[in-house]
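Letter by letter, the chains look like this.
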Amino acid sequence: MSLEMFDLVGRRALVTGAGQGIGFTLARGLGRAGASLVLNDLDAARLEAAVHRLRSEGLIVDGRAFDVTRPEQVEPAIEAIEGEIGPIDILVNNAGIQQRMPLEDLPLERWQEVLDTNLTSVFLVGQAVGRHMIARGRGKIINLGSIQSEVARPGIAAYTAAKGGVRNLTRAMCAEWARHGIQVNAIGPGYFVTPLTQPLRDDPTFDAWLRARTPAARWGQVEELVGAAVFLASSASDFVNGQVIYVDGGILAVI
Ligand code: NDP
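Residues numbered from 1 in each chain as written. Predicted model: local features only at pLDDT ≥ 70, side-chain atom pairs only at ≥ 80, totals over all residues. Heavy atoms only, no water.

Here we look at the pairing of strand 4 (residues 90-93)
Let me state the cut-off plainly: Throughout, exposure labels follow a simple rule: accessible area from a 1.4 Å probe, protein chains only, divided by the maximum for the residue type, with under 20% read as buried, over 50% as exposed, and the rest as partly exposed. Each helix is a run of H or I in the DSSP string that is no shorter than four residues. Each strand is a run of E no shorter than two, and both are numbered from the N terminus. Two strands qualify as a pair provided that DSSP identifies no fewer than 2 bridges between them. When the strands point away from the viewer, a crossover counts as right-handed if the path from the first strand over the helix to the second runs clockwise.
Residues of strand 4 alternate between two faces, with Ile90 and Val92 on one and Leu91 and Asn93 on the opposite face, all of them buried. Pairing between strand 1 (residues 12-15) and strand 4: 3 bridges, direction parallel. Considered in strand 4, the bridge of valine 15 is made with valine 92. When strand 4 meets strand 5 (residues 139-144), the two strands line up parallel, connected through 4 bridges. Opposite asparagine 93, over in strand 5, you have asparagine 143 as the bridge partner. Each parallel crossover has a hand, and the one from strand 4 via helix 4 (residues 108-136) to strand 5 is right-handed.

The structure is reproduced here in structure tokens:
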């Protein structure tokens, strides 16, 4: 078997929420596999720092700051990337937020914010990029789900609803776009060391629970998500569609 099928040379990847955490690491991994990169984030200063860091590592990187929840920003940003930088071959819908609060206290605005950022953004950016991919007859879309695409925990109802939605939106995109040569899949991370999970890692009770609950008995390191992303971005996955690949140290395999 040749490793050529994983080669991303000549492909361009847009990764949303790539200023830090999982998005930054996935972008770097796709870049190391040969892709040129367009990083997105809300925070322009953080984005600039991420772009410089990856350029200093020898990768080909551009940055575009925009809010993935705002159609009036998403549409022009995607048009500008396609027109000024070049076609987006790979889209990683990674931007996401968490909101930890008992369901009975959760205000509508917080619910809306989590749904907008974690689910509606996948629709908005996916649709804007998908139209170009349909016209070209090819493309790879990778959405970030979570083990909360399958199972719930107390205190994160909006996040769980949104990530369940990401799982089925991934299937819906597959249902409509597979015939256009587009593969749409998701990665479902378990618990990884990123700024998003800092409050959980700071909580000794949660930390002990997670290590006991996870067959691998540890937190994931973000680099461990790169293999799945490169696979789903490359021609190695050309007949894989509508799937969620869980990268979770085995959590979903056991009760
Ligand atoms: P981080 O908080 O570390 O990074 C998320 C990035 O997304 C931040 O840079 C953030 O920018 C950006 N972002 C947030 N809102 C927007 C927006 N409206 N427009 C553009 N960018 C935005 O999170 P992780 O790296 O941990 O998570 C990345 C993805 O992986 C999320 O979808 C998350 O749900 C998922 N995931 C993470 C897990 C984990 O264990 N960490 C487990 C399962 C899934 P800013 O900070 O400036 O708002």
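Still to come is the rest of the account.
Concerning the sheet that holds strand 4
Filter applied, for reference: The axes are straight lines fitted to the C-alpha atoms, using for helices just the contacting stretch, and the angles between their N-to-C directions are given from 0 to 180°. Any two residues whose heavy atoms approach within 4.5 Å at even a single point are treated as in contact.
Here 7 strands make up an open sheet; going across it, the order is 3-2-1-4-5-6-7 and the pairing parallel. The open sheet has two free edges, formed respectively by strand 3 (61-65) and strand 7 (244-247), since each of these has just one partner strand. Geometrically, the sheet is characterised by an average inter-axis angle of 20 degrees between neighbouring strands, direction not taken into account. Here helix 2 (residues 44-56) sits on the sheet and contacts strand 2 (36-41) and strand 3; the angle it forms with strand 3, its principal contact strand, is near 175 degrees. Against the sheet, helix 4 makes contact with strand 1, strand 4, strand 5 and strand 6 (182-189), and its axis sits at roughly 175 degrees relative to strand 4, the strand it touches most.

A look at helix 8 (residues 226-233)
Counting buried positions along helix 8 gives 6 out of 8 residues, so the element sits mostly inside the fold. The set of residues buried in helix 8 consists of Val226, Ala228, Ala229, Val230, Leu232 and Ala233.

Re the pattern of salt bridges
For the record, the criterion: Salt bridges are defined as contacts in which a side-chain nitrogen from Lys or Arg sits within 4 Å of a carboxyl oxygen from Asp or Glu.
Counted by the stated rule, this structure contains 12 salt bridges. Residue arginine 167 pairs with glutamate 150 through a salt bridge whose shortest N-O separation is 3.4 Å. Of this pair, arginine 167 sits in helix 5 (residues 157-177) while glutamate 150 sits in the loop between strand 5 and helix 5, and the two are 17 residues apart along the sequence. Taking relative accessible area as the criterion, arginine 167 reaches 18% and is therefore assigned buried.

Comments concerning helix 1 (residues 21-32)
Operational definition: To estimate how far a helix should reach, multiply one less than its number of residues by 1.5 Å.
Between its terminal C-alpha atoms helix 1 stretches 17 Å, which fits the 16 Å expected from 12 residues at 1.5 Å a residue. Across the 12 residues that make up helix 1, a large majority, 10, are buried. Those residues of helix 1 that fall on the buried side of the exposure criterion are Ile22, Gly23, Phe24, Thr25, Leu26, Ala27, Arg28, Gly29, Leu30 and Gly31. Immediately downstream of helix 1, the backbone of glycine 34 shows phi near 120 degrees, a positive value.

Looking at the site of the ligand
The test is simple: Throughout, near means a residue has at least one heavy atom within 4 Å of the molecule or strand. Counting of polar contacts relies on pairs of N or O atoms within 3.5 Å, with two restrictions inside protein: one atom must be capable of donating a hydrogen and the other of accepting it, and residues adjacent in sequence are counted only when both atoms are side-chain atoms. Working definition of accessibility: Shrake-Rupley area with a 1.4 Å probe, residue cover restricted to the visible protein chains. Gly falls in the polar group here, along with every residue not listed as nonpolar (Ala, Val, Leu, Ile, Met, Phe, Trp, Tyr, Cys, Pro) or charged (Asp, Glu, Lys, Arg).
Around the ligand, a shell composed of 31 residues is seen, among which Asp41, Arg46, Tyr159, Phe192 and Thr194 lie nearest. At a separation of 2.8 Å, a nitrogen atom of the ligand approaches a polar side-chain atom of aspartate 67. Isolated, the ligand exposes 890 Å² of accessible area, and the fraction of that covered by the protein chains is 91%. Breaking the shell around the ligand down by element, the ones donating at least two residues are helix 1, strand 2 and helix 5. Tallied by class, residues from the shell around the ligand come to 13 nonpolar, 13 polar and 5 charged.

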